[in-house]
Amino acid sequence: MAGITAEQAIFLNGICMDSVKRESVATKNVIAAVPADKTDYKPDECSKSAMELMRHIAAAECRLLSIPIHGEFNMSGPSPLPESAKTPAEIAAWYEQSTADTLGKLSKLTPEQLTKIVDFRG
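Before going into details, it helps to say that this report is about the structure given with it.

What counts, and where the lines are drawn
Residues numbered from 1 in each chain as written. Predicted model: local features only at pLDDT ≥ 70, side-chain atom pairs only at ≥ 80, totals over all residues. Heavy atoms only, no water. Core = buried A, V, L, I, M, F, W, Y, C linked by side-chain atoms within 4.5 Å. Buried < 20%, exposed > 50% of the residue type's maximum accessible area, 1.4 Å probe, protein only. Helix = DSSP H or I, 4+ residues; strand = E, 2+ residues; numbered from the N terminus. Contact = heavy atoms within 4.5 Å. 1 Å grid on protein atoms, 1.4 Å probe; cavity = no way out; pocket = protein on both sides within 12 Å on 5 of 7 lines; lining within 4 Å. Points joined across faces, edges and corners; volume = space filled by probe spheres on them. Nonpolar A, V, L, I, M, F, W, Y, C, P; charged D, E, K, R; others polar.

### Topic: the nonpolar core
Stage number 1. Residues I31, M51, M54, A58, A59, C62, L81, A85, I91, A92, W94 and Y95 constitute the largest nonpolar core, which totals twelve residues.
Stage number 2. Among the secondary structure elements, those contributing two or more residues to this core are α2 (50–65) and α4 (88–107).
Stage number 3. Once residues within four sequence positions are removed from consideration, A92 is found in contact with K28, I31 and A32.
Stage number 4. Judged by nonpolar contacts, the second largest core, of eight residues, contains A9, L65, L103 and L114.

Written out as structure tokens, the structure is:
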């Protein structure tokens with residue numbers, strides 16, 4: 001399979017960043033809207049709690065957005081979300097700042113970094 005060109009990578013990076021910027025606002029608002037006294041809610045015993053879901057969504061998105069920056073897919077490390085973020089407002093604030101920081105780094109990547117093939121299978 002042929003790789004993409006530098007021009008295509010820059011174009012796609014711009015489109016993806018615009019989309020992530022828009023969607024991250026909605027994600028932050030959903031996280032912030034969870035009532036602080038209901039974070040232990042589970043619709044079913046097999047489900048994650050609202051707190052677990054908020055933390056998972058925020059951390060997973062941060063990790064996935066960072067793949068081109070680090071040039072590798074590594075989900076084995078500790079969560080990038082600090083344990084000190086314990087309320088929906090704190091998680092939403094961390095998520096907003098983390099997304100802004102990551103998008104800033106993504107916007108500075110070179111075409112070589114953007115076209116690097118990342119092995120997602122380890």
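The structure having been displayed, the exposition proceeds.
### Some remarks on the environment of K48
Stage number 1. Its location among the elements puts K48 in the loop between α1 (6–33) and α2.
Stage number 2. Measuring from C-alpha to C-alpha, the distance between K48 and L64 comes to 20 Å, with 16 residues separating the pair along the chain.
Stage number 3. In contact with K48, not counting residues within four places along its chain, are Y41, K42, P43, L53 and H56.

### Side note on the layout of surface pockets
Stage number 1. Taken as a whole, the largest pocket holds about 560 Å³ of empty space.
Stage number 2. The wall of the largest pocket is formed by 22 residues, among which I67, P68, L114, V118 and F120 lie closest to the centre.
Stage number 3. Of all the elements in the fold, those that place two or more residues in the lining of the largest pocket are α1, α2, α3 (67–70), α4 and α5 (111–114).
Stage number 4. Here the element with the most residues in the lining of the largest pocket is α1; it accounts for six residues.
Stage number 5. Residue composition of the lining of the largest pocket, by class: 16 nonpolar, four polar and two charged.
Stage number 6. As for the second largest pocket, its lining consists of C62, R63, S66, I67, H70, E72, F73, N74, M75, G77, P78 and P80.
Stage number 7. Contributing elements (two or more residues each) for the lining of the second largest pocket: α2 and α3.

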